[in-house]
Structures are given as structure tokens and as C-alpha cells.
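The residues making up each chain are set out below.
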Amino acid sequence: MKRVLITGAAGNLGKVVRVKLKGWVEVLRLSDNAELEPQNAAEEIQCCDLADAEAVMRLVEGCDGIIHLGGVSTENSFDNILNANIIGTYNLYEAARKHGVRRILFASSNHTIGFHQREDMLDADSTMRPDSLYGVSKCYGEMLASLYYDKFAIETARVRIGSCFDKPLDRRMLATWLSADDFVSLIKRVFECDRLGCPVIYGVSANSERWWDNSKVNFLGWQPKDSSDVFKTAAYLQPRASDANDPAVRYQGGGFAGAGHFED
């Protein structure tokens with residue numbers, strides 16, 4: 001591939017991916033609705049509001065693949081989620097179809113399945129149980145990707161990202177943590193494999209505590225190397241929850257499952 005588009009390049013995850021993918025392809029086209037500056041000659045900057053269909057059409061032109069990290073990344077108002085995550089994702093897939101892009105990595109979320117209990121082991125075929133409007137928007141994105149694969153043969157890795165931070169921020173993240181290096185190795189594998197299809201992949205490192213089974217995507221050959229185990233004895237992770245039936249503790253979505261409706 002010569003040119004790969006990264007949407008949401010100014011976000012926390014986009015910033016990390018941008019740096020770690022330096023030199024991977026000839027050109028990284030970086031986009032966000034926030035200001036960006038090129039850091040080297042192999043970067044192209046194109047500011048874009050994903051809800052603007054014409055702008056997205058221009059954004060995708062000339063790209064060989066897309067890493068779609070853009071949109072609202074937490075719970076928010078329905079209007080904001082609608083424009084960025086629903087309309088924006090549709091615009092991106094339509095642009096990909098019209099410009100002949102054949103492979104996409106869609107940054108979905110563990111919040112598509114956040115209302116499963118923590119003792120449930122999930123795999124790619126587990127029922128969606130979103131824990132928020134944000135989670136619903138990611139369910140929509142996964143289904144849209146499925147449609148565009150079945151109807152137009154656009155392959156998509158639907159990556160349900162866990163918690164991609166430098167380290168787990170709380171006890172829940174001992175199960176959901178995804179290191180940046182493991183995420184980048186997954187990105188590369190998604191675009192390098194001969195055949196992808198439209199799999200659901202749980203974006204999680206090789207943690208001993210786990211809720212998600214990736215065995216149905218073993219054909220990819222992706223093997224995460226890092227583990228949250230190195231943080232298990234950290235003092236800040238030791239206090240147990242006082243109420244095991246608190247929705248934030250009971251369900252895999254954590255605080256998203258425990259929070260009230262955003263609009264209230």
C-alpha cells in the first residue's frame with residue numbers, strides 16, 4: 001500500500017498510532033476536525049468534518065486503506081454521536097466504495113458488549129449488548145461494515161478496542177488493557193494478511209484476566225505480546241470494590257454501564 005488514511009489523528013489514540021506507524025507506508029494521510037501539523041515529509045494533513053459527505057469524499061480519494069479512529073470516543077449527546085459516529089461512518093464507507101478502497105480497520109469498542117456480566121466469556125459471535133449511546137453507534141458501525149463487505153466486498157476488521165492507555169487505570173482494565181504496541185501490531189497484520197473478510201476482533205493484550213476470546217480470528221496470526229500482569233501488584237489497583245452488584249462492577253462496560261443516560 002502506498003497511502004493509508006488515519007481519521008481521528010489528533011485524538012489520544014491517533015497520536016500514538018501516527019508515531020508508531022512512521023515509515024510503515026509511503027504516505028500517511030492524517031485527518032481530524034482539530035488542527036494538525038505534518039511531522040515529516042511522508043505525512044499529508046487534511047482537516048475534515050466526517051459529517052460533511054463531500055469533504056469525506058475528497059479525503060478518501062487516492063487512499064489504499066483506512067484506519068478509522070475518528071468520531072466521538074466517549075458517551076455524549078445523541079446529536080453529537082449521530083453526526084460524528086453514525087453519519088460520519090456512513091460517509092466514510094460510501095467514499096471508500098466509490099473510490100475503490102478495499103480494506104478498512106474500524107475502531108469499534110468494548111462498549112458494544114458492555115452489558116454482559118464480567119463472568120461471561122465472549123467471542124466474536126456473542127450478542128451485542130451496548131452500554132451507552134456511544135456503544136450503540138459502534139454497533140451501527142460494525143453492522144455497516146458487514147453490509148459493505150457482503151454487498152461490495154470491502155473488507156473490514158471490526159476491532160472492539162478495550163482500554164488502550166500506557167497502563168491500566170483501574171482494576172477493570174486488568175482485563176481490558178491493550179498496549180499501544182499490540183494495537184499497532186494488529187493494525188499491521190490487518191493490512192498485511194492475504195484475506196481479511198469482516199471479522200470481529202477484541203483489541204486486548206495477552207492479559208491473564210480476560211473476558212474475551214479471540215480464537216475465531218486465529219487465522220490472522222496476530223499474537224499480542226504485552227500483558228497487564230506487570231501492573232497487578234501496583235498499589236493503586238489493590239482496593240476492592242465495596243459493592244459487587246454495582247453496575248460499574250457487575251458489567252463489562254464498567255462506568256459506562258453504571259452511568260445514567262447522558263441526556264438526563
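Preceding block: the structure.
First, a word on scope: everything that follows refers to the structure included in this document. Since the structure is predicted, the reported quantities are computational estimates derived from the model, not experimental observations.

About the thresholds
Residues numbered from 1 in each chain as written. Predicted model: local features only at pLDDT ≥ 70, side-chain atom pairs only at ≥ 80, totals over all residues. Heavy atoms only, no water. Buried < 20%, exposed > 50% of the residue type's maximum accessible area, 1.4 Å probe, protein only. Helix = DSSP H or I, 4+ residues; strand = E, 2+ residues; numbered from the N terminus. Pairing = 2+ DSSP bridges. Phe/Tyr/Trp six-rings, centres within 6.5 Å; stacked < 30°, edge-to-face > 60°. Lys NZ or Arg CZ within 6 Å of the ring centre and 35° of its normal.

**Here's the deal with the pairing of strand S1 (residues 3-7)**
Piece 1. Of all the five residues making up S1, four are buried; the element is thus mostly covered by neighbouring parts of the structure.
Piece 2. Relative to strand S2 (residues 27-31), S1 runs parallel, the two sharing five bridges. What sits directly across from Leu-5, in S2, is Arg-29.

**So, the packing of aromatic side chains**
Piece 1. Enumeration according to the criterion identifies eight aromatic pairs in this entry.
Piece 2. Measuring from ring centre to ring centre gives 4.9 Å for Phe-115 and Tyr-251, while their planes differ by 75 degrees; the resulting arrangement is edge-to-face. Of the two residues, Phe-115 sits in the loop between strand S5 (103-109) and helix H4 (133-152) while Tyr-251 sits in the loop between helix H7 (247-250) and helix H8 (255-258), which places them 136 residues apart along the sequence.
Piece 3. Judged by relative accessible area, Phe-115 falls into the partly exposed class, the value being 27%.
Piece 4. Judged by relative accessible area, which is 15%, Tyr-251 ranks as buried.
Piece 5. Through a chain of ring-to-ring contacts, the aromatic side chains of Tyr-93, Tyr-148 and Phe-152 assemble into a single cluster.
Piece 6. In this structure, Arg-97 is placed above the aromatic ring of Phe-152, and the distance from its NZ or CZ to the ring centre is 5.1 Å.

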